Amino acid sequence: MKIRALGLLLASGVAFALLAGLAGNAYANSQGAPAFAPYQIPPHVPTPTSPTVRRLLRGASVKAHDAWIVVHLRGCSYQIGFQNGYLTAQSSDYTIQTDFGTPGNQNRALADKVAQRYVWRLVPAEYQRELRGIADGMRAAGYPQDTLWDVVAANAWADLACYSTLLPASDATARAAAATFAATQRMGGCSAFIATGNATVDGRPVMGHDTWTDYDAAFTNNVMFYVHPTRGYDFTYQSTGGEIWSGEDWYENSAGLLLTETTLADSTYTPAGLPVFVRAREAAQYDATVAQAVDTLVHRNNGAYSNEWLTGDRTGKIASLQLGDKVYDLNETSNGFFGSSNFDWGTKTRAEETPVDVGWAPDPYNPAVVDYARYLRWGQLKDRYYGKIDARVGMTMESDTYDSYLKKELPDARDLCGEPEHFTPGLLDWDSWVLDPEGAVDGKACTEAMALHGLQSWACWGRGSGDHFDAAAYLAAHPDWAADNGRLAVFGLKT
């Protein structure tokens, strides 16, 4: 995946930098091998010929903003879903293939089974209608191979490991496949902050985040949704096509709620609880205060996708919520700074983690450890910029490439704008970030005022540092990666 960031640009209520072109929908060629069509920005959208389709699309739009796909959705829950599916069908289809494979693939069949049997019954009726709308919109746009259960599974990617535990013990093959699949779906990192009071220029909350993910899977994560529902607040979130929540951890709403997160290690589950994609979406759509958002995220928590949630509101309050399964740790303030880097500072959440979760990190407070090194770097940047933090400074911090352990500028796994594909001196043998093609793929920052005045964001698609990932050089140096990950992954890495 070729990534480049070329400065910031403010227009049309959202600010973006530039990224190299990416890639799109996959079909079989005459020899039966996948032939991958370009991922178009903006996506190709078929001209609606049906009066029903034209009516359902009323008020919606999709356009390119540099390397981003900017989508406005408007109406009732089914209509919003149909617009999402129709306007972003190409992104939605590629996301499903990247996550689960082509129709008939074992992982896809298993994910669909879990989605249909265990996830669907926990989804509120409002969001069931929206998910049905997405599947219907994709079908109307020419993607009949993607079913409702594919769409539900794609939205529940972070929940599938939790609900796979409900598969019957007699289905040993499925349970084993689910465990293997779940292990491949765990995210590795992100860097985020939220600040308020004396820490910021105007005393109001400022939030920032960069998404860390596999470079080969990132090319569909460039969709910024603006949703104008008939119920709840207007809100925005970054995601892929076909999803009703942000797997890329970025939300603002018109009440001034700011919400982001980084992933933690806890993998204990309560499968009677609500999916995380439901709770996160409810917070973005219906909550106006930190207290309300915390309650929504904690209430009926299923333990899946354990996170440190950072949130702020128009009263000036901010919070860090480290949410495990049955426990959580909460810090709140109206005057301060929280930096987040997948480091579990909470005594309750850390105690709940199992040996499997933390066995690879016998001393998480070792300054050579990727997550803790970044946590220490947040403390250094807090001191440097305290009282000066606004959206531009937020972007600067999210673009940071300083290794706090080695005490020098060095693009590597310990940076806030992480580049784990580079050799990281002093990295411990049990740390997972060893020359992997994954790391930061974007950068975002916003202020409370920006959220209240048009749901604006400063954002770049590609690393904020401007460093490029050289896919050809990486593949030449690691030929085993292509053999282990397949043609779709190689295609995604190159595009």
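Predicted model only: the values in this text are computed from it and were never measured.

Participant: Help me understand the sheet that holds strand β10 (residues 235-239) in this model?
Facilitator: Two strands in a sheet stick together by hydrogen bonds in their backbones, pointing the same way (parallel) or opposite ways (antiparallel). The nine strands are arranged β5-β6-β9-β10-β11-β12-β13-β14-β15 in an open sheet whose pairing can be described as mixed. Two strands bound the open sheet, and with one partner strand each, they are β5 (61-65) and β15 (328-333). If you compare each strand with its neighbour and ignore which way they point, the axes differ by 15° on average. With three bridges joining them, β10 and strand β11 (residues 250-253) adopt antiparallel strand pairing. Looking at the pairing, Y237 lines up with Y251 of β11. Taken strand by strand, helix α2 (residues 77-87) contacts β5, β6 (68-75), β9 (223-229) and β10, and its axis lies near 155° from that of β6. Against the sheet, helix α10 (residues 290-298) contacts β12 (258-263), β13 (307-312), β14 (318-323) and β15, and its axis sits at roughly 10° relative to β14.

Participant: What exactly am I supposed to notice about the packing of aromatic side chains here?
Facilitator: Aromatic ring pairs are reported here in terms of the distance separating the ring centres and the angle at which the planes meet. Using the criterion set out here, one finds 26 aromatic pairs in the structure. With 5.3 Å between their ring centres and 90° between their planes, W120 and W149 make a pair best called edge-to-face. A residue pair is termed long-range when its members are at least 10 positions apart, and W120 in the loop between α4 (106-119) and α5 (125-140) and W149 in helix α6 (residues 148-155) qualify at 29 residues. With relative accessibility at 12%, the residue W120 sits in the buried group. Their ring planes at 55° and their centres at 6.0 Å tell us that F337 and W378 sit as a pair that is tilted. Separated by 41 residues along the polypeptide, F337 in strand β16 (residues 336-340) and W378 in helix α13 (residues 370-385) bring together distant segments of the chain. When sorted by exposure, F337 lands in the same class as W378, which is buried. Through successive ring pairs, a cluster of aromatic residues spans F36, Y39, Y94, F219 and F491. It is R374 that lies over the ring of W212; its NZ or CZ is 4.2 Å from the centre.

Participant: Would you mind showing me how to read helix α17 (residues 479-494) here?
Facilitator: Residues spaced three or four apart along an α-helix point in a common direction, a consequence of the helix completing one turn every 3.6 residues. The terminal C-alpha atoms of α17, which comprises 16 residues, lie only 14 Å apart, well short of the 22 Å expected from a rise of 1.5 Å per residue. Of all bends in α17, the biggest is about 125°, found at G486. Three or more residues of α17 are buried, namely W481, A489, V490, F491, G492 and L493.

Participant: Whenever I open this one, the pattern of salt bridges confuses me. Can you help?
Facilitator: Close approach of charged atoms allows side chains of opposite charge to pair. Applying the stated criterion across every chain yields a total of 13 salt bridges. For D146, the salt bridge identified is with R108, shortest N-O distance 2.9 Å. In this pair, D146 is assigned in the loop between α5 and α6 and R108 in helix α4, connecting sequence segments 38 residues apart. Assigned by exposure class, D146 and R108 land together as buried. Of the charged contacts in the structure, one is a salt bridge between E421 and R463, with a shortest N-O distance of 2.8 Å. Of this pair, E421 sits in the loop between β18 (408-409) and β19 (438-440) while R463 sits in the loop between β21 (458-461) and α16 (471-477), and the two are 42 residues apart along the sequence. Accessibility expressed as a relative area gives 0% for R463, which makes it buried. Taken together, the shared-partner salt bridges connect R108, D146 and D150 into one network.

Cut-off values and rules
- Residues numbered from 1 in each chain as written.
- Predicted model: local features only at pLDDT ≥ 70, side-chain atom pairs only at ≥ 80, totals over all residues.
- Heavy atoms only, no water.
- Pairing = 2+ DSSP bridges.
- Helix = DSSP H or I, 4+ residues; strand = E, 2+ residues; numbered from the N terminus.
- Axes fitted to C-alpha atoms, helices over the stretch in contact; angles between N-to-C directions.
- Contact = heavy atoms within 4.5 Å.
- Phe/Tyr/Trp six-rings, centres within 6.5 Å; stacked < 30°, edge-to-face > 60°.
- Buried < 20%, exposed > 50% of the residue type's maximum accessible area, 1.4 Å probe, protein only.
- Lys NZ or Arg CZ within 6 Å of the ring centre and 35° of its normal.
- Expected span 1.5 Å × (residues − 1).
- Bend = angle between axes of the 7 residues up to and from the residue.
- Salt bridge = Lys/Arg side-chain N within 4 Å of Asp/Glu carboxyl O.

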